[in-house]
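So you can see what is in the structure, the chains are spelled out below.
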Amino acid sequence: MTKANSELPRPFIDIDRLVHEPARLIILSHLFVIESADFLFLMRQTGLTWGNLSSHLSKLEGAGYIEIEKQFKGKKPNTMLKITEKGRSALMDYREKMKKALNTLPET
Amino acid sequence: MKIDTDLKQIEKKSWTVYFQDGLWDIYIGMLMLAIGINTFVDSEWYSCLMIAPIFLIILGKRFITTPRLGRVRFGSERQKKRIAVFIVIALAVICGIILAGFSATGDPLPKAAVATVFGMSAILVFGSMAYFLDCGRFYIYGAMMATALILDILIDGHLVSISFLVFGAVAFIFGLALLIRFLRKYPKVSNMQYIEKD
């Protein structure tokens, strides 16, 4: 555990930082509610730039949270992105942990 | 970048974005204009104007909308809703054919009955489209179409057909405005590089 982590309250330490990043959170949220989408659709819906989106997708793919299906529409390549079961679990787990973590905060 | 963690809102927004292109509005407008023109001209050629606009949607989605918004596949819930709309439209078409059959046999139903059936069909079709496709504008188009149909059936005279032309023009112009806004908001993206697997 890093020094920075050890200073955090216990409920927040367990938060999945891969999901916690706002851009990746919104990417996973979009992929969670649909079956699959291509790169352009995600770019339009998330408002991220191409480079930014590409970078985050690489990290999510590396963690096994999304999978990439390369298809061909005629001769044109078409890449479809899909959330995996691991990604779904990670997002739901993140939601529950955030709820618990925020519930520990005092009222005012 | 706005973070919207309400998953239902995200799903709805992902779905309704495809109606921002105005193609459906243009189609409905052209359909009503075609009905109105056909009433005045009463020519088989103008009847084709009612069928031609459907190709506008098919080609428009293929060459205008999808290259700008990208491709998405929705889950089974949305598929079921689409099927529900098709079923409603099919039932409405069957009702129309049955009514046309009555007219053809030389024993037409009373005008009020015909007007009621056609009016309710229009409201049912557009209402179900609005409900299942999450597009509120279709309620208004349903009301416009029902009003024009009922007036056209109950009141004799070509003057009433102007209601189709007026409503059609409104829908068409609104659709055109949506399309222009859509083209400005979502310019075509060229030379997209997709991420490669290692």
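Located above this text is the structure these notes cover.
Residues numbered from 1 in each chain as written. Chains lettered and ligands numbered in written order. Predicted model: local features only at pLDDT ≥ 70, side-chain atom pairs only at ≥ 80, totals over all residues. Heavy atoms only, no water.

*Asks:* I tried to follow the overall build of chain B on my own but got confused; where do I start?
*Replies:* Within chain B, the regular secondary structure consists of 7 helices and 1 strand. Across chain B, helices and strands are ordered from the amino to the carboxyl terminus as α-α-α-β-α-α-α-α. When burial is assessed residue by residue, chain B has 36% of its 198 residues classed as buried. Considering only contacts within chain B whose residues lie at least 6 apart along the sequence, 77% involve residues at least 24 apart. Surface exposure of chain B reaches about 11600 Å², of which carbon and sulfur atoms provide 69%. (Helix = DSSP H or I, 4+ residues; strand = E, 2+ residues; numbered from the N terminus. Buried < 20%, exposed > 50% of the residue type's maximum accessible area, 1.4 Å probe, protein only. Contact = heavy atoms within 4.5 Å. Areas by Shrake-Rupley, 256 points an atom, 1.4 Å probe, with all protein chains shown as cover.)

*Asks:* Is there a simple way to think about the packing of helix α5 (residues 39-46) of chain A against helix α6 (residues 50-62) of chain A in this case?
*Replies:* How two helices pack is summed up by the angle between their axes together with the distance between the axes. Residue and element names in this part refer to chain A. Look at α5 against α6: their axes get within 10 Å of each other, and the N-to-C directions meet at 110 degrees. One finds that α5 runs roughly perpendicular with respect to α6. Between α5 and α6 lies a crossing whose hand is right-handed. Judged by residue contacts, F39, L42 and M43 of α5 engage W50, L53, S54 and L57 from α6. Across the contact of α5 with α6, the residue classes break down as 6 nonpolar, 1 polar and no charged. (Axes fitted to C-alpha atoms, helices over the stretch in contact; angles between N-to-C directions. Parallel < 35°, antiparallel > 145°, perpendicular 65-115°, else oblique. Left-handed = near helix turned anticlockwise from the far one by under 90°. Nonpolar A, V, L, I, M, F, W, Y, C, P; charged D, E, K, R; others polar.)

*Asks:* Would you take a moment to explain the sheet that holds strand β1 (residues 36-38) of chain A for this structure?
*Replies:* The strands making up a sheet associate through hydrogen bonds between their backbones, and the pairing can be parallel or antiparallel. With antiparallel pairing, the 4 strands of this open sheet are ordered in space as β2(A)-β3(A)-β1(A)-β1(B). On the outer flanks of this sheet lie β2 (66-73) of chain A together with β1 (72-73) of chain B, each paired with one strand and no other. As judged from the 2 bridges shared by β1(A) and β1(B), these two strands associate in the antiparallel manner. Across the sheet, residue S36(A) finds its bridge partner in β1(B), namely R73(B). In the packing of helix α4 (residues 22-33) of chain A onto the sheet, the strands contacted are β2 and β3 (76-83) of chain A, and the crossing angle to β3(A) comes to about 95 degrees. Sheet strands touched by α5(A): β1 and β3 of chain A together with β1 of chain B. Its angle to β1(A), the strand with the most contacts, is close to 90 degrees. (Pairing = 2+ DSSP bridges.)

*Asks:* What is the right way to read the pattern of salt bridges from this model?
*Replies:* When the charged atoms of two side chains lie near each other, side chains of opposite charge can form a pair. Enumeration over the complete set of coordinates arrives at 7 salt bridges over all chains. For K99(A), the salt bridge goes to E96(A), with nearest N and O atoms at 3.9 Å. With K99(A) and E96(A) both in helix α7 (residues 85-103) and 3 residues apart, the pair spans about one turn of that helix. Exposure remark for K99(A): the relative accessible area of 46% places this residue in the partly exposed category. With a closest N to O distance of 2.7 Å, K61(B) and D21(B) form a salt bridge. A residue pair is termed long-range when its members are at least 10 positions apart, and K61(B) in helix α3 (residues 44-69) and D21(B) in the loop between α1 (7-16) and α2 (23-41) qualify at 40 residues. By the burial criterion, K61(B) is buried, and D21(B) matches it. The network of salt bridges with shared partners includes E11(B), R78(B) and D134(B). (Salt bridge = Lys/Arg side-chain N within 4 Å of Asp/Glu carboxyl O.)

*Asks:* Could you clarify how one ought to interpret the nonpolar core in this entry?
*Replies:* As a rule of thumb, nonpolar side chains are buried together in soluble globular proteins. All names here are of chain B. Counting residues in each nonpolar core, the largest one holds 64 residues, and the members touching the most others are F138 and M145. The greatest single-element share of this core, amounting to 7 residues, is contributed by helix α6 (residues 137-154). Beyond its immediate chain neighbours, meaning those up to four positions away, F138 contacts F19, W24, I28, F126, M129 and A130. (Core = buried A, V, L, I, M, F, W, Y, C linked by side-chain atoms within 4.5 Å.)

*Asks:* How should I be thinking about the packing of aromatic side chains in this particular structure?
*Replies:* In this description, a pair of aromatic rings is defined by centroid distance and the angle of the planes. All names here are of chain B. Evaluation of the coordinates by the stated rule reveals 9 aromatic pairs over all chains. Ring centres of W15 and F74 lie 5.1 Å apart, and the angle between their planes is 75 degrees; this geometry places the pair in the edge-to-face category. Highlighted residues: W15 in helix α1 and F74 in the loop between β1 and α4 (76-104), separated in sequence by 59 residues. Relative accessible area serves as the criterion here: at 6%, W15 is assigned to the buried category. Taken together, the ring pairs connect W15, F19, W24, Y27, F74, F138 and Y141 into an aromatic cluster. (Phe/Tyr/Trp six-rings, centres within 6.5 Å; stacked < 30°, edge-to-face > 60°.)

*Asks:* Explanation requested: the interface of chain B and chain A in the structure shown.
*Replies:* For interface size, the figure often reported is the accessible area lost on association. Between chain B and chain A, the contact holds 31 residues from the first and 35 residues from the second. Summing both partners gives a buried area of about 2900 Å² for chain B against chain A, and 62% of it is carried by carbon and sulfur. Counting across the chain B and chain A interface gives 0 salt bridges. Between chain B and chain A we count 6 residue pairs in polar contact (both at pLDDT 80 or more) in total. Broken down by secondary-structure element, the contributors of at least two residues to the side of chain B that touches chain A are α1, α3 and β1 of chain B. At 5 residues, α1(B) tops the list of elements feeding residues into the side of chain B that touches chain A. Each residue belonging to the side of chain B that touches chain A can be placed in one class, and the counts come to 16 nonpolar, 6 polar and 9 charged. (Buried area = accessible area lost by both parts, 1.4 Å probe. Polar contact = N/O pair within 3.5 Å; in protein donor to acceptor, adjacent residues only side chain to side chain.)

*Asks:* What am I meant to see in the side chain of T46(A) here?
*Replies:* Here T46(A) shows up in helix α5. What makes T46(A) buried here is its relative accessible area of 3%.

In short, shape yes, function no, at least from these values alone.
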